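Structural characterization, general
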Amino acid sequence: MTVTTASIAHRDQDLVTGPQAKATARAAAPDAAPSRRAVWAGRVLSGLATLFLTFDAAVKVLKLFPAEASTSELGFPAHLVPTLGYLQIACLVAYLIPRTAVLGAILWTGYLGGAIAIHVRVENPLFSHTLFPIYVAAFLWAGLWLRDSRVRALTASPSSQGR
(Lines give C-alpha, C1' and ligand atoms only; values in the text may rest on other atoms or scores of the structure.)
Protein backbone atom coordinates (compact mmCIF):
# COMPACT_ATOMS: atom_id res chain seq x y z
CA MET A 1 0.00 0.00 0.00
CA THR A 2 2.84 2.42 0.79
CA VAL A 3 4.54 1.72 -2.50
CA THR A 4 1.36 2.55 -4.41
CA THR A 5 0.89 5.82 -2.50
CA ALA A 6 4.52 6.83 -3.04
CA SER A 7 4.37 6.10 -6.78
CA ILE A 8 1.12 8.09 -7.16
CA ALA A 9 2.62 11.03 -5.28
CA HIS A 10 5.77 10.85 -7.41
CA ARG A 11 3.77 10.71 -10.64
CA ASP A 12 1.76 13.82 -9.64
CA GLN A 13 4.88 15.87 -8.92
CA ASP A 14 6.29 18.23 -11.54
CA LEU A 15 9.40 16.59 -12.98
CA VAL A 16 11.02 19.88 -14.04
CA THR A 17 13.88 20.90 -11.74
CA GLY A 18 16.17 23.88 -11.28
CA PRO A 19 15.44 27.50 -12.21
CA GLN A 20 12.92 26.44 -14.84
CA ALA A 21 10.81 24.76 -12.13
CA LYS A 22 10.66 27.98 -10.11
CA ALA A 23 9.59 30.01 -13.14
CA THR A 24 6.97 27.42 -14.08
CA ALA A 25 5.61 27.27 -10.55
CA ARG A 26 5.45 31.08 -10.33
CA ALA A 27 3.62 31.35 -13.67
CA ALA A 28 1.20 28.54 -12.82
CA ALA A 29 0.39 29.65 -9.27
CA PRO A 30 -1.94 32.65 -9.31
CA ASP A 31 -1.66 33.00 -5.55
CA ALA A 32 2.13 33.40 -5.70
CA ALA A 33 3.52 36.78 -4.76
CA PRO A 34 3.81 39.09 -7.77
CA SER A 35 7.27 40.06 -8.98
CA ARG A 36 8.74 43.45 -8.10
CA ARG A 37 8.24 44.64 -11.68
CA ALA A 38 4.59 43.60 -11.65
CA VAL A 39 4.00 45.33 -8.33
CA TRP A 40 5.60 48.55 -9.56
CA ALA A 41 3.78 48.44 -12.88
CA GLY A 42 0.55 47.95 -10.92
CA ARG A 43 1.38 50.87 -8.68
CA VAL A 44 2.05 53.10 -11.67
CA LEU A 45 -1.21 52.15 -13.40
CA SER A 46 -3.19 52.53 -10.18
CA GLY A 47 -1.39 55.80 -9.45
CA LEU A 48 -2.25 57.29 -12.82
CA ALA A 49 -5.92 56.39 -12.43
CA THR A 50 -5.90 57.61 -8.83
CA LEU A 51 -4.37 60.95 -9.78
CA PHE A 52 -6.99 61.54 -12.45
CA LEU A 53 -9.87 60.49 -10.20
CA THR A 54 -8.56 62.60 -7.30
CA PHE A 55 -8.37 65.64 -9.55
CA ASP A 56 -11.88 64.96 -10.88
CA ALA A 57 -13.30 64.58 -7.35
CA ALA A 58 -11.54 67.73 -6.12
CA VAL A 59 -12.91 69.80 -9.01
CA LYS A 60 -16.41 68.58 -8.15
CA VAL A 61 -16.12 69.06 -4.38
CA LEU A 62 -14.79 72.59 -4.88
CA LYS A 63 -17.69 73.33 -7.28
CA LEU A 64 -15.37 74.69 -9.95
CA PHE A 65 -17.00 76.04 -13.09
CA PRO A 66 -15.83 73.28 -15.49
CA ALA A 67 -17.41 70.59 -13.30
CA GLU A 68 -20.70 72.44 -12.96
CA ALA A 69 -20.84 73.30 -16.67
CA SER A 70 -20.07 69.78 -17.89
CA THR A 71 -22.49 68.21 -15.42
CA SER A 72 -25.24 70.59 -16.57
CA GLU A 73 -24.47 69.71 -20.21
CA LEU A 74 -25.03 66.05 -19.33
CA GLY A 75 -28.47 66.88 -17.98
CA PHE A 76 -27.85 66.97 -14.22
CA PRO A 77 -28.53 69.90 -11.91
CA ALA A 78 -25.39 71.79 -10.87
CA HIS A 79 -26.18 71.39 -7.16
CA LEU A 80 -25.40 67.64 -7.44
CA VAL A 81 -21.76 68.25 -8.40
CA PRO A 82 -20.35 68.19 -4.82
CA THR A 83 -22.37 65.06 -4.02
CA LEU A 84 -20.78 63.31 -6.99
CA GLY A 85 -17.36 64.48 -5.78
CA TYR A 86 -17.92 63.07 -2.28
CA LEU A 87 -19.13 59.80 -3.81
CA GLN A 88 -15.92 59.65 -5.85
CA ILE A 89 -13.84 60.29 -2.72
CA ALA A 90 -15.59 57.42 -0.94
CA CYS A 91 -14.86 55.07 -3.86
CA LEU A 92 -11.28 56.30 -3.99
CA VAL A 93 -10.70 55.70 -0.28
CA ALA A 94 -12.07 52.16 -0.63
CA TYR A 95 -9.76 51.56 -3.60
CA LEU A 96 -6.65 52.93 -1.87
CA ILE A 97 -6.98 50.79 1.27
CA PRO A 98 -5.36 47.44 0.38
CA ARG A 99 -7.89 45.42 2.32
CA THR A 100 -10.86 47.01 0.51
CA ALA A 101 -9.20 47.65 -2.87
CA VAL A 102 -11.31 45.06 -4.69
CA LEU A 103 -14.50 46.58 -3.27
CA GLY A 104 -13.26 50.02 -4.34
CA ALA A 105 -12.57 48.75 -7.87
CA ILE A 106 -16.06 47.26 -8.04
CA LEU A 107 -17.61 50.53 -6.84
CA TRP A 108 -15.57 52.49 -9.39
CA THR A 109 -16.67 50.09 -12.12
CA GLY A 110 -20.30 50.81 -11.29
CA TYR A 111 -19.73 54.56 -11.15
CA LEU A 112 -17.83 54.59 -14.43
CA GLY A 113 -20.45 52.34 -16.04
CA GLY A 114 -23.02 54.99 -15.20
CA ALA A 115 -20.78 57.60 -16.83
CA ILE A 116 -20.70 55.51 -19.99
CA ALA A 117 -24.49 55.26 -20.02
CA ILE A 118 -24.81 59.04 -19.64
CA HIS A 119 -22.39 59.70 -22.50
CA VAL A 120 -24.28 57.27 -24.72
CA ARG A 121 -27.57 58.96 -23.84
CA VAL A 122 -26.34 62.43 -24.84
CA GLU A 123 -24.61 60.98 -27.92
CA ASN A 124 -21.09 62.18 -27.08
CA PRO A 125 -18.17 61.09 -29.30
CA LEU A 126 -17.28 57.42 -28.83
CA PHE A 127 -13.51 57.31 -28.27
CA SER A 128 -12.95 60.61 -26.48
CA HIS A 129 -15.98 60.71 -24.18
CA THR A 130 -18.01 57.52 -24.12
CA LEU A 131 -15.14 55.04 -23.83
CA PHE A 132 -12.96 57.21 -21.56
CA PRO A 133 -14.46 55.68 -18.37
CA ILE A 134 -13.50 52.25 -19.71
CA TYR A 135 -9.90 53.42 -20.08
CA VAL A 136 -9.88 54.61 -16.47
CA ALA A 137 -11.48 51.38 -15.23
CA ALA A 138 -8.92 49.36 -17.20
CA PHE A 139 -6.11 51.22 -15.43
CA LEU A 140 -7.76 50.60 -12.05
CA TRP A 141 -8.27 46.88 -12.62
CA ALA A 142 -4.95 46.26 -14.41
CA GLY A 143 -3.08 48.01 -11.61
CA LEU A 144 -4.91 45.95 -9.01
CA TRP A 145 -4.38 42.73 -10.98
CA LEU A 146 -0.65 43.33 -11.27
CA ARG A 147 -0.11 44.09 -7.59
CA ASP A 148 -2.63 41.80 -5.88
CA SER A 149 -2.42 38.01 -6.11
CA ARG A 150 -6.04 37.67 -4.89
CA VAL A 151 -7.30 39.43 -8.02
CA ARG A 152 -5.09 37.28 -10.24
CA ALA A 153 -6.51 34.19 -8.54
CA LEU A 154 -10.02 35.31 -9.51
CA THR A 155 -9.09 35.35 -13.18
CA ALA A 156 -6.93 32.21 -13.22
CA SER A 157 -8.06 29.25 -15.26
CA PRO A 158 -8.94 26.07 -13.36
CA SER A 159 -5.99 24.23 -14.94
CA SER A 160 -3.51 26.75 -13.49
CA GLN A 161 -4.99 26.22 -10.03
CA GLY A 162 -4.23 22.51 -10.12
CA ARG A 163 -7.78 21.33 -10.66
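Rules used in this analysis
Residues numbered from 1 in each chain as written. Predicted model: local features only at pLDDT ≥ 70, side-chain atom pairs only at ≥ 80, totals over all residues. Heavy atoms only, no water. Helix = DSSP H or I, 4+ residues; strand = E, 2+ residues; numbered from the N terminus. Buried < 20%, exposed > 50% of the residue type's maximum accessible area, 1.4 Å probe, protein only. Contact = heavy atoms within 4.5 Å. Areas by Shrake-Rupley, 256 points an atom, 1.4 Å probe, with all protein chains shown as cover. Expected span 1.5 Å × (residues − 1). Core = buried A, V, L, I, M, F, W, Y, C linked by side-chain atoms within 4.5 Å. pLDDT = per-residue confidence, 0-100.

1. Thoughts on the overall build of the protein chain
Within the protein chain, the regular secondary structure consists of nine helices and zero strands. Helices and strands appear in the protein chain in the N-to-C order α-α-α-α-α-α-α-α-α. Counting all 163 residues of the protein chain, 26% fall into the buried class. Excluding contacts between residues fewer than 6 apart, the proportion of contacts in the protein chain whose partners are at least 24 apart in sequence is 65%. If you sum the accessible surface of the protein chain, you get close to 10700 Å²; carbon and sulfur atoms cover 69% of it.

2. As for helix H5 (residues 81-96)
A rise of 1.5 Å per residue sets the reference length of H5, with its 16 residues, at 22 Å; its end C-alpha atoms lie 22 Å apart and thus fit the reference within 8%. Within H5, burial applies to Val81, Pro82, Gly85, Gln88, Cys91, Leu92, Ala94 and Tyr95. Here the buried face of H5 lies against helix H3 (36-61), helix H4 (65-73), helix H6 (101-121) and helix H8 (132-147).

3. Here's the deal with the nonpolar core
Membership of the largest hydrophobic core comes to 15 residues, with the highest contact counts inside it found for Leu53, Tyr95, Trp108, Leu112, Val136, Leu140 and Leu144. Secondary structure elements with two or more residues in this core: H3, H5, H6 and H8. Excluding anything up to four places from it in sequence, Leu144 contacts Ser46, Tyr95, Ala101, Val102, Ala105 and Val151.

4. Focus: the confidence of the model for the protein chain
The predicted model of the protein chain has a mean per-residue pLDDT of 83, with 79% of residues at 70 or higher. Put simply, helix H1 (residues 2-12) is where the protein chain has its lowest mean pLDDT, 44, and H5 is where it has its highest, 97. Every residue in residues 1-18 scores below 50 in pLDDT, and together they form three contacts with partners more than four places removed in sequence or on other chains. Per-residue pLDDT stays below 50 along residues 23-28; that stretch engages in three contacts with residues further than four places along the chain or on separate chains.

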